[in-house]
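Now for the letters of each chain:
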Amino acid sequence: MKDLALDIRVEKTQNSRLSEVDFNNIPFGKIMADHMFVADYSDGKWHDLRVVPYGDFQLGPATSSLHYGQAIFEGLKGFRNAQNPSEVLVFRPQENAKRLNVSAERICMPQISEEIFMQGLHALLEIDRDWVPDTEDSSLYIRPFMFATDNFLGMRPSETYTFAIITAPAGKYYSKALKVKVEKEFSRTAPGGTGVAKVAGNYAASLLPAKLAAEQGYDQLLYTDAKEHKYIEESGTMNVMFDIDGTFVTAPTVPVEDTILRSITRLTVIELLQDMGKKVEERHISVEEVISSIKNGKLRGAFGIGTAVTIAPFATIAEDGVDYDLPTDYTFSLELKAKFQGIQKGELEDTKGWTYKI
Ligand code: PLP
Ligand code: COI
């Protein structure tokens, strides 16, 4: 085991569930690995860092995060290194640590040091490394999260918190190209709101519109700006990118817009595209521009980008009750996905230091 500078107590489970898992058929997010990392915060400090068997938290009914939503999370993935299968490669975890702190600041939660985040992750994956699948399109999905734990009904930031990391082996999130609907009635966030943060409430706000869209046969939504519903922002679980005549267009994030989550997959994809000599534009893109480019044949393809979904091509974009089908012969997003996953899995050289080895 690597020497970790922090004092992390490790308690191994006596009842591993690993042998019960069918790694050829892994539903997303349902089966959790054997252990979790946990740290508690009180009196202005993180303490009691531990890796313990995955299990329930004990919470009082007045736990403030259950009432006022002080809860944030992250999502990242680990893979078996193709060059050395006993090693785990985690993709850009330091970026998730940074973003967790952006989210924490936005809803008055304490910062967590990159040291605790990284060493907690390291200690956890050292013990659960056999949970990292090596089947096609699979990974270990890693979910760090923090929530308020004060037992207090008054409306103020909690003074105590728990930070934890759990993991779950995962197969594909989507198995086919998506039908997405431009959403003009509901918003998941608004300027000055919490869109830039990965706070639980954003996801609660997107449940009803996603449910209504699913009833109409759509897999996901394309949220538009809350003011005019004119510009495309992002989807409920991913940023989005449009290939218009070979230029890759995606909506701007902070500091231009604070309504869109700054996707780490997107940062990566932009760099990969630029390295491939492609033109990328981070700018406002109107619904009208997207629909007219479909009509005049300039929209070659469109896709969602995010950790859970990786790169998810769109088959159809719907606006005002009309379905517009995208070209079915668009293969570039799959090429891009193969490159992206090749780096994640250690099949292609990681020239940028994106992967963290455990
Ligand atoms: N946008 C939203 C709303 C998300 O939930 C996610 C998923 O994390 C993303 C974008 C993609 O971000 P990332 O690539 O960092 O996973
Ligand atoms: C992720 O991609 O990690 C996400 O957070 C999406 C999730 C809501 C499933």
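- Going by the annotation in an unreviewed UniProt entry, the name recorded for the protein chain is branched-chain-amino-acid transaminase, with Flammeovirga pectinis given as the source organism.
- Here is the UniProt Function (unreviewed entry) comment for the protein chain, exactly as written: "Acts on leucine, isoleucine and valine."
- Under the Sequence similarities (unreviewed entry) heading, UniProt states for the protein chain: "Belongs to the class-IV pyridoxal-phosphate-dependent aminotransferase family."

### Topic: the overall build of the protein chain
Then step 1. Counting its regular elements, the protein chain contains eight helices and 17 strands.
Then step 2. Structurally, the protein chain occupies a C-alpha span of about 60 × 55 × 35 Å along its principal axes.
Then step 3. Taken over 358 residues, the protein chain has a buried fraction of 55%.
Then step 4. For the protein chain, the proportion of contacts with a sequence separation of at least 24, taken over those separated by at least 6, is 72%.
Then step 5. Accessible area for the protein chain stands at about 16200 Å²; split by element, carbon and sulfur atoms hold 49% of it.
Then step 6. Each charge sign in the protein chain was given a centre, from 39 positive and 51 negative side chains, and these centres are 2 Å apart.

### As for the side chain of Arg-99
Then step 1. With respect to the secondary-structure elements, Arg-99 resides in helix α2 (residues 93-106).
Then step 2. Judged by its relative accessible area of 10%, Arg-99 falls in the buried class.
Then step 3. Side-chain polar atoms of Arg-99 contact the backbone oxygen of Arg-262, separated by 2.9 Å.
Then step 4. Filtering out sequence-adjacent residues up to four positions away, Arg-99 remains in contact with Glu-74, Lys-198, Leu-261, Arg-262, Ser-263 and Ile-264.

### Remarks on the packing of α2 against helix α3 (residues 114-127)
Then step 1. Their axes nearest at 10 Å, the elements α2 and α3 cross at an angle of 135°. Judged on the interaxial angle alone, α3 and α2 are oblique. The two elements α2 and α3 meet at a crossing, and its hand is right-handed. Together, Pro-93, Gln-94, Asn-96, Ala-97 and Leu-100 of α2 and Glu-114, Phe-117, Met-118 and Leu-121 of α3 make up the contact between the two elements.
Then step 2. Looking at side-chain class alone, the contact of α2 with α3 contains six nonpolar, two polar and one charged residues.

### A short note on the site of ligand 2
Then step 1. The environment of ligand 2 is made up of Phe-73, Gly-75, Tyr-141, Arg-143, Tyr-173, Lys-198, Tyr-203, Thr-237, Thr-307 and Ala-308.
Then step 2. A distance of 2.6 Å separates an oxygen atom of ligand 2 from a polar side-chain atom of Tyr-141.

### Observations regarding unusual backbone geometry
Then step 1. Each neighbour pair has its own omega, and for Val-254 with Pro-255 the value is 5°, a cis peptide bond.
Then step 2. The residue Pro-255 is located in the loop between β12 (247-250) and α6 (264-275) in this model.
Then step 3. For Asp-48, which is not glycine, the phi dihedral falls at a positive 55°.
Then step 4. Within the chain, Thr-310 stands out as a residue other than glycine whose phi angle is a positive 60°.
Then step 5. Counting through the fold element by element, Thr-310 comes out in strand β15 (residues 310-319).

### Thoughts on α2
Then step 1. Along its 14 residues, α2 runs 20 Å from first to last C-alpha, staying within 8% of the 20 Å computed at 1.5 Å per residue.
Then step 2. By the burial criterion, the buried members of α2 are Pro-93, Glu-95, Asn-96, Ala-97, Arg-99, Leu-100, Asn-101, Ser-103 and Ala-104.
Then step 3. Of the residues trailing α2, Cys-108 is marked for its positive phi of about 60°.

### Quick look at the site of ligand 1
Then step 1. Lining the immediate surroundings of ligand 1 are 17 residues, of which Tyr-203, Glu-234, Ser-263, Thr-265 and Thr-307 lie closest.
Then step 2. Take Arg-99: an N or O atom from its side chain is 2.8 Å from an oxygen atom of ligand 1.
Then step 3. The contact in question runs from an oxygen atom of ligand 1 to an N or O atom on the side chain of Ser-263, over 2.6 Å.
Then step 4. Taking 380 Å² as the accessible area of ligand 1 by itself, protein coverage stands at 96%.
Then step 5. Looking at the shell around ligand 1, the elements that each hand over two or more residues are α6 and β14 (299-306).

### A look at helix α7 (residues 287-295)
Then step 1. Those residues of α7 that fall on the buried side of the exposure criterion are Val-287, Val-290, Ile-291, Ser-293 and Ile-294. Viewed along the axis of α7, the buried residues span an arc of 160°, placing them on a single side of the element. Looking at α7, the residues exposed on the side facing more than 90 degrees away from the buried face are Glu-288 and Lys-295.
Then step 2. Packed against the buried residues of α7 are β9 (178-183), β11 (239-244), β14, β15 and β16 (322-325).
Then step 3. Of the residues trailing α7, Gly-297 is marked for its positive phi of about 80°.

### Quick notes on the pattern of salt bridges
Where charged atoms from two side chains of opposite charge come close, those side chains can pair.
Then step 1. Taken as a whole and assessed by the stated rule, the structure comprises 22 salt bridges.
Then step 2. Linking Asp-323 and Lys-179 is a salt bridge whose minimum nitrogen-to-oxygen distance equals 3.5 Å. Placement of Asp-323 in strand β16 and of Lys-179 in strand β9 is noted, with a sequence separation of 144 residues between them.
Then step 3. By relative accessible area, which is 36% here, Asp-323 ends up partly exposed.

Procedures and definitions
Residues numbered from 1 in each chain as written. Chains lettered and ligands numbered in written order. Predicted model: local features only at pLDDT ≥ 70, side-chain atom pairs only at ≥ 80, totals over all residues. Heavy atoms only, no water. UniProt positions renumbered as here; feature names shortened; annotations may be inferred. Helix = DSSP H or I, 4+ residues; strand = E, 2+ residues; numbered from the N terminus. Buried < 20%, exposed > 50% of the residue type's maximum accessible area, 1.4 Å probe, protein only. Contact = heavy atoms within 4.5 Å. Areas by Shrake-Rupley, 256 points an atom, 1.4 Å probe, with all protein chains shown as cover. Lys, Arg positive; Asp, Glu negative; His and termini not counted. Charge placed at Lys NZ, Arg CZ, Asp CG, Glu CD. Polar contact = N/O pair within 3.5 Å; in protein donor to acceptor, adjacent residues only side chain to side chain. Axes fitted to C-alpha atoms, helices over the stretch in contact; angles between N-to-C directions. Parallel < 35°, antiparallel > 145°, perpendicular 65-115°, else oblique. Left-handed = near helix turned anticlockwise from the far one by under 90°. Nonpolar A, V, L, I, M, F, W, Y, C, P; charged D, E, K, R; others polar. Near = heavy atom within 4 Å. Expected span 1.5 Å × (residues − 1). Arc of directions from axis to C-beta. Salt bridge = Lys/Arg side-chain N within 4 Å of Asp/Glu carboxyl O.

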